[in-house]
Amino acid sequence: MKEIRIGNTVERCIERADYPLDRVREILKNETIAVVGYGVQGRGQSLNMRDNGVKVIVGQRPGGKAYELCLADGWKPGETLFDPEEAAARGTVIQYLLSDAGQKEMWPKIKPHLTPGKALYFSHGFSVVFSDQTGVVPPPDIDVILVAPKGSGTTVRRHFLEGKGINSSFAIHHDATGRARERCLALGIAIGSGYLFETTFEKEVISDLTGERGVLMGAIYGLWLAQYEVLREHGHSPSEAFNETVEEATQSLYPLIAEKGMDWMYANCSTTAQRGALDWFKAFRDATKPLFEKLYQSVASGEETRRVLEANSRPDYRQQLEKELQQIAQSEMWQAGTQVRALRPERQRPHPTSALGEFRDERIRGAGREAQIAHQQTKGVFAGRLRRSFDDRAQ
C-alpha cells in the first residue's frame, strides 16, 4: 500500500504488489463472477478475469452484436454464457455492467437473484447514488462494491494485453459479509487495475460525470472546435488548422504530459510557446471555471442523470446517437483529421529502397529475432495469454 501526500491530504493506494495473483485467486476461489452485460466494460473486464484464472460467466441475451461477440470470444452457451437472469442466479458476485439506462430497466429481473451473502459489483456509482431515478436499491444482506476503471473497457483490455494496468477507484457501499473489501480489491486487480484508490459511490459518480462532460470529452472537443473554427475563419487551411489544434496535441504534447506532467511538457517546448502558454492559461481558467461550476451543480443535483436516463431510454436512442456521431465524423474538422492521420509515417507503406523502408525492415527483422527468443522463454499461463492477445487483435 502506498501513501500519496498532497499538502494536508493523505491518500492510500492499493498496488498489485498488495494483491498478487496468487492472493487474488485464493480470495476468489469459491466465487463465480457473473458479468451481466457485454458492452465495452463487460467485455474487457470479463476477458481479463478469465485470463487471470478467475471463474467467470457472462449474462447476455441471444441475438445482436454483443451476443455474437461473446461467442467469438469463446464464451460457451450453457457453460459460461447464459441469459442475464440465469447468470445472476448462478453467480456469487454479480458484476452489473449494463448501461445506466439498462441497469434501471433490468433491475426488477436481477434483484430477486441477489440472495444473502452475494456481492453486487458496479463500475459506476450512477444507479445506487441516484436510486430515486433508477429504482436500484440493493437488499441489505449483500455486499455492494465498486471498481471503476479510469478509462474505456477497450483500454482496460489493451493495457492488460500489453502487460500494463489501468488506474481504478474502488468503494465499499455496504459490507454485509465482512468480506466486501477483500472481494472488491481482489476483483479490482483481477480485472486488470494497476493500482486502486479509494472513494465513495457518490464521489465517483459526480467526478466521473463532471470529467466526461468536461475536459475528458465535452469541454476538450468544444475548445478544439472553437480554435479550429477561428483559424479557418481567418484563412488557414483545414490541414493547418487541424494540425495546430488536434494532431500536435495528441501526437506530441499530451504524451509529454502523461510522461511527467504539465511542467515537463512546457519545458520541452520553445521559449515562445512557453511564454504564450504561461500568459494565457489563467485567462482560459477564469473564462471556463464558472461553466465548470455550473456543470458540477447540474451533476450533483441529478439533472444530468435525469437527462441521460430520459435520452437513453428512448426506443430510437441508438439511431439518434449514430446520427449525432456521423455529424461529427462528417464535419470538416474531422474529415481533415482523417486525411491528416492517414499521412502519419506508421500508416504508410514505405518504398523498400527508401531509408524509412530499410529502417522499418530492420525493425521487423529485429522483432522477429526477439519473438524467437521470447517464444523459447514463454511458458504456461503467459503463453496462453500471448496467444489470446494475438487472437483478440485479429478480431
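In what follows, the structure referred to is the one given above.
Computed from a predicted model, the values in this text were never measured in an experiment.

So, about the overall build of the protein chain. From N to C terminus, the protein chain includes 19 helices and 10 strands. Taking contacts inside the protein chain between residues at least 6 apart in sequence as the whole, the part at least 24 apart equals 67%. Split by element, the accessible area of the protein chain, about 22,600 Å² in all, is 55% carbon and sulfur.

With that out of the way, let us pick up the environment of glutamine 60. Considering the arrangement of structural elements, one finds glutamine 60 in the loop between β4 (56-59) and α3 (65-72). Placed 25 residues apart in sequence, glutamine 60 and valine 35 show a C-alpha to C-alpha distance of 8.6 Å. Not counting residues within four places of it along the chain, the set of residues in contact with glutamine 60 comprises Gly37, Tyr38, Ala66, Tyr67, Cys70, Leu81, Phe82, Asp83 and Pro84. Engagement of the side chain of glutamine 60 in a polar contact is seen with the backbone nitrogen of tyrosine 38, the distance being 3.1 Å.

What follows deals with the packing of aromatic side chains. Applying the stated rule across the entire model yields 8 aromatic pairs. Judged by centre distance (6.1 Å) and plane angle (80°), the rings of phenylalanine 122 and phenylalanine 201 are edge-to-face. Taken together, the positions of phenylalanine 122 in strand β7 (residues 119-122) and phenylalanine 201 in helix α10 (residues 201-213) put the pair 79 residues apart, joining distant regions of the chain. The class for phenylalanine 201 is buried, based on a relative accessible area of 3%. Seen from their ring centres, tyrosine 221 and tryptophan 334 are 6.1 Å apart, and the 45° between their planes marks the pair as tilted.

Two elements in contact, helix α12 (residues 238-260) and helix α17 (residues 332-342), have axes separated by 9 Å at closest approach and are oriented at 85°. Comparing their axes, α17 and α12 come out roughly perpendicular. Note on element contacts: α17 touches α12 through Glu332, Met333, Trp334, Ala336, Gly337, Val340 and Arg341, opposite Pro238, Ser239, Phe242, Asn243, Thr245, Val246 and Glu247.

Before going further, it helps to examine the pairing of β7. Residue alternation in β7 divides its side chains into two sets, Ala119 and Tyr121 and Leu120 and Phe122, and both sets are buried. Here strand β6 (residues 93-96) runs beside β7; their pairing, made up of 3 bridges, is parallel. Counterpart to valine 93 in the pairing with β7 is alanine 119. Note that β7 and strand β8 (residues 143-149) share 4 bridges and pair parallel. Bridge pairing links leucine 120 to valine 144 in β8.

This part is about the sheet that holds β4. Strand order across the open sheet formed by 10 strands is β1-β2-β10-β9-β8-β7-β6-β3-β4-β5, with mixed pairing between neighbours. Edge positions in the sheet fall to β1 (2-6) and β5 (81-82), since each has one partner strand and no second. Bridge count between β4 and β5: 2 bridges; the pairing is parallel. Across the sheet, the residue bridging to glycine 59 is phenylalanine 82, located in β5. Here helix α9 (residues 180-190) sits on the sheet and contacts β2 (9-15), β3 (33-36), β6, β7, β8, β9 (166-174) and β10 (193-198); the angle it forms with β8, its principal contact strand, is near 25°.

Here the focus is the pattern of salt bridges. The tally for this structure, following the rule as stated, stands at 26 salt bridges. Close ionic contact of aspartate 22 with arginine 25 constitutes a salt bridge, the shortest N to O distance being 3.9 Å. With aspartate 22 and arginine 25 both in helix α1 (residues 21-27), this residue pair falls 3 residues apart, about one helical turn. Classification of aspartate 22 as exposed rests on a relative accessible area of 61%.

Counting residues in each nonpolar core, the largest one holds 33 residues, and the members touching the most others are Leu28, Met49, Trp75, Tyr121 and Leu187. Of the residues forming this core, the biggest block, 7 residues, is contributed by α9. Filtering out sequence-adjacent residues up to four positions away, leucine 187 remains in contact with Leu28, Ile33, Met49, Val93, Gln95, Tyr121 and Ile145.

Turning our attention to the environment of isoleucine 166. Within the secondary structure, isoleucine 166 is located in strand β9. Since its relative accessible area comes to 3%, isoleucine 166 is described here as buried. Taking C-alpha positions, isoleucine 166 is 6.6 Å from proline 149, a pair spaced 17 residues apart along the chain.

Further remarks concern the packing of α10 against helix α14 (residues 271-300). Close contact between α10 and α14 brings their axes to 9 Å; oriented N to C, the two are set at 135°. What the angle tells us is that α10 and α14 run oblique. Like other packed secondary-structure pairs, α10 and α14 cross with a definite hand, here right-handed. In this structure, α10 uses Val205, Ile206, Leu209, Thr210 and Arg213 to contact α14, whose residues at the interface are Leu295, Tyr296, Val299 and Ala300. Broken down by class, the residue content of the contact of α10 with α14 amounts to 7 nonpolar, 1 polar and 1 charged.

The rules we used
Numbers given for residues are sequential positions, taken from 1 along each chain in its written order. For a predicted model such as this one, the threshold for reporting local features is a pLDDT of at least 70, and the threshold for listing and counting side-chain atom pairs is 80 or more; totals across whole chains, interfaces and linings nevertheless cover every residue. Hydrogen atoms and water are omitted, and side-chain values are computed over all heavy atoms in the structure. Only runs of H or I of at least four residues qualify as helices and only runs of E of at least two qualify as strands under DSSP, and these elements are numbered from the N terminus. When checking whether two residues touch, look at their non-hydrogen atoms; a contact exists if any pair is within 4.5 Å. All accessible-area figures derive from a Shrake-Rupley calculation using a 1.4 Å probe, and residue coverage is judged against the displayed protein chains alone. Throughout this description, a polar contact denotes any pair of N or O atoms lying within 3.5 Å of each other; where both atoms belong to protein, one of them has to be capable of donating a hydrogen while the other can accept it, and for residues adjacent in sequence the pair is counted only when both atoms sit in side chains. We call Phe, Tyr and Trp rings a pair once their centres come within 6.5 Å, taking the six-membered ring for Trp, and we label the pair stacked below 30 degrees between planes, edge-to-face above 60, and tilted otherwise. The rule is simple: take the accessible area with a 1.4 Å probe, protein chains only, and divide by the maximum for that residue type; under 20% is buried, over 50% is exposed, in between is partly exposed. Axis definition: a line fit to C-alpha positions, over the contact stretch in the case of helices; interaxial angles, taken between N-to-C directions, run 0 to 180 degrees. Geometric relationships in this document are graded by angle, where less than 35 degrees denotes roughly parallel, more than 145 denotes roughly antiparallel, 65 to 115 denotes roughly perpendicular, and other angles denote oblique. By this definition, two strands are paired if DSSP reports at least two bridges between them. Only one rule defines a salt bridge in this text: a Lys or Arg side-chain nitrogen within 4 Å of an Asp or Glu carboxyl oxygen. The definition of a nonpolar core used throughout is a set of buried Ala, Val, Leu, Ile, Met, Phe, Trp, Tyr and Cys residues joined through side-chain atoms within 4.5 Å. When the near helix sits turned anticlockwise from the far one by under a right angle, the crossing is termed left-handed; a clockwise turn instead gives a right-handed crossing. Throughout, the ten residues Ala, Val, Leu, Ile, Met, Phe, Trp, Tyr, Cys and Pro are labelled nonpolar, Asp, Glu, Lys and Arg are labelled charged, and all others, Gly among them, are labelled polar.

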